[in-house]
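For reference, the chains in residue letters:
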Amino acid sequence: MDRRCRNDPPLESICAVNARQMQRSFLNQASSSAFTSAAWWQSGVIYQIYPRSFQDSNGDGIGDLNGIAARLDYLKDLGVDAIWISPIFPSPMADFGYDVSDYCGIDPMFGTMDDFDRLLVAVHRAGLKLLLDFVPNHTSDLHPWFLESRSCRTNPRRDWYIWRDPAPGGGPPNNWLSEFGGPAWTLDETTGQYYYHAYLKEQPDLNWRNAGVSAAMLDVLRFWFERGVDGFRVDAIHHLFEDIGLRSNPHDPDWREGMSPARRLIRRYTMDQPEVHDAIAAMRRVAEEFGGRLLVGESSLPIDRLMAYYGTNLSGFQLPFNFHLINTAWRTEAIAGLIQSYEAALPARAWPNWVLGNHDRSRVASRIGREQARVAAMLLLTLRGTPTIYQGEELGMLDVTIPPELVQDPWEKNVPGIGLGRDPERTPMPWSGAIHGGFTTATPWLPVDTVTMPNVERQQSDPASFLSLYRALLRLRRSEPALSIGSYREIARTDAVLAYERQHSGNCLQIVLNLSATPQRLPDAVTDGRLLLSTTRRKTERPPRAHLEANQGIILATEFGQARHDQARSNR
Ligand code: NOJ
């Protein structure tokens, strides 16, 4: 008999207090030894820092490494396990750091190598892990390798990039398009050849078929691993190779006005080519040279293709990013179906992961509304698999409309006015009521939303805030192996409600999410358990037991034995 089914607490304490009580009482049972078989990146939670927008420490309007260091207590209190910092390397910033001109340095805008080393020590001292961003697909056009490569056709580094003659009648070698608008080929007048770039012309693609390139890039990983970083998020991995025969991509009949111009073509010959898996395996071997550091792949692919990025016998990424929550319609049937097909597709022993937002996608609170974003937070932090939280989602941040004269994102500049720009989700963190939200004392590089957005200081003292909800969820997840490493089983779905259970070693939790703005009946399959946490906070008495409020998600500790556990899945 599970003790959690007795003595239901009053609903008013649901957010923070229950999570604390749980920690002290019965969840002590879930001894820390329950976690010992899981790697930190399986039981842990990753937090993405977009460094330009996290915290400015030197008054130039742009976030930096010392700013991150100054906010480590915040991250520790939040309850995440690792931070991934988007690129901090020297860069002309054509794509805000995703155009690297020196893989083994720190851009002065962000600080110095000493600042980095100090940050790394502080991160580790705080008991956190630090992941950097590895950008293997392309360099900056100002990287010394490219400057050499473009200098003449016979330069030894010519083949480090993808150079081709014009098509027989003149013009680019084929029809390939840049992700950020326009052709993916740019003519170099001096040498009379085109170079390929999946993104901006300032981001020429490296030629990973050249052994010198792969060796040099693997050494970049070694450089940072030797310094002590715990892993990498690997950028744009699906773009690493292109068809060697340079076949033109077919047209996509489903393309419509208003969609990205790059989507006019199906990227059959420019994405997800078979050679990529050998390159990933080589990266993984380097990670293993350092005792199994973490590699997370930015792999924007359908589920069936995504699974290959775990590699044969899991020799690929430990975590190929799963972005499907971002793309899936916010409806029970669609979300439940996604979880089901993702879980079913996972190779044996592969570890799942979930992403709700990042610096490239509209913020979740703007996509589905603030009320449902709280439900989404509960979903993200109670699904089986490693969650990644994008900075500011824990505050319920919204996209910020950027007036044309303040636009920064090159994609928006190239293809204006159809909503492709990524500035709205990249605006700085609002920390306090100080000028510019305490982010900077100068004019921030993008405006800080100090109008619609309750800042960190205010949210910290409000038990009903987004931040309090995230903290409670993270605390519960940390203390309850059923949530971090337990099995997953759907128990009910209706038009508006999704219910599932997570189970580990005798503890069973049920998560029930109302994905609608109207009250709903609790599905019959949900047992009458003890309420541990709710996305809504009420000062009133308990609502009718059999109901979920509008936009409410709850976590119940249920009677063990009522659930039919799928132990096998948790051991996969
Ligand atoms: C994916 C990154 O997340 C995005 O911000 C960047 O523009 C492209 N890759 C190119 O590096």
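Just above, that's the structure.
From a predicted model like this one, the values you see are computed outputs, not experimental measurements. (Residues numbered from 1 in each chain as written. Predicted model: local features only at pLDDT ≥ 70, side-chain atom pairs only at ≥ 80, totals over all residues. Heavy atoms only, no water.)

(A) Spatial organisation of the site of the ligand. The full set of residues close to the ligand is Asp95, Tyr98, His138, Phe180, Tyr199, Arg233, Asp235, Glu298, His359, Asp360, Arg422 and Arg426. A distance of 2.9 Å separates an oxygen atom of the ligand from a polar atom in the side chain of Arg422. With respect to the ligand, the side chain of Arg426 contributes an N or O atom lying 3.5 Å from an oxygen atom. Relative to its unbound accessible area of 290 Å², the ligand is 97% covered by the protein chains. (Near = heavy atom within 4 Å. Polar contact = N/O pair within 3.5 Å; in protein donor to acceptor, adjacent residues only side chain to side chain. Areas by Shrake-Rupley, 256 points an atom, 1.4 Å probe, with all protein chains shown as cover.)

(B) Focus on the packing of aromatic side chains. Within the structure shown, the criterion is met by 26 aromatic pairs. Both rings, one in Tyr47 and one in Phe54, keep their centres 6.3 Å apart while their planes meet at 70°; by these two values the pair is edge-to-face. Grouping residues by exposure puts Tyr47 and Phe54 together as buried. Where Phe146 meets Tyr195, the ring centres are 4.9 Å apart and the plane angle is 70°; that geometry is what we call edge-to-face. You can see Phe146 sitting in helix H6 (residues 144-151) and its partner Tyr195 sitting in strand E6 (residues 193-196), a full 49 residues away along the chain. (Phe/Tyr/Trp six-rings, centres within 6.5 Å; stacked < 30°, edge-to-face > 60°. Buried < 20%, exposed > 50% of the residue type's maximum accessible area, 1.4 Å probe, protein only. Helix = DSSP H or I, 4+ residues; strand = E, 2+ residues; numbered from the N terminus.)

(C) Looking closely at the packing of helix H7 (residues 211-227) against helix H8 (residues 276-289). Relative to each other, H7 and H8 sit at 25°, their axes nearing to 10 Å. When the axes of H7 and H8 are compared, the pair comes out roughly parallel. Relative to H8, the crossing made by H7 is right-handed. For the pair formed by H7 and H8, the contact residues are Leu218, Leu221, Arg222 and Phe225 on the first element and Ala282, Met283, Val286, Ala287 and Glu289 on the second. In the contact of H7 with H8, the residues fall into seven nonpolar, no polar and two charged. (Axes fitted to C-alpha atoms, helices over the stretch in contact; angles between N-to-C directions. Parallel < 35°, antiparallel > 145°, perpendicular 65-115°, else oblique. Left-handed = near helix turned anticlockwise from the far one by under 90°. Contact = heavy atoms within 4.5 Å. Nonpolar A, V, L, I, M, F, W, Y, C, P; charged D, E, K, R; others polar.)

(D) Representation of the sheet that holds strand E14 (residues 507-514). Spatially, E12-E13-E14-E18-E16 is the arrangement adopted by the five strands of the open sheet, whose pairing is antiparallel. Taken across any chain shown, the strands that pair with only one partner, and hence form the sheet edges, are strand E12 (487-493) and strand E16 (530-534). Each strand axis lies, on average, 25° off the axis of its neighbour in the sheet, ignoring direction. Seen against the sheet, helix H11 (residues 332-345) touches E12 and strand E13 (497-504) and runs at an angle of roughly 150° to E12. Packed onto the sheet, helix H16 (residues 466-479) meets E16 and strand E18 (553-557) and runs at close to 135° relative to E16. (Pairing = 2+ DSSP bridges.)

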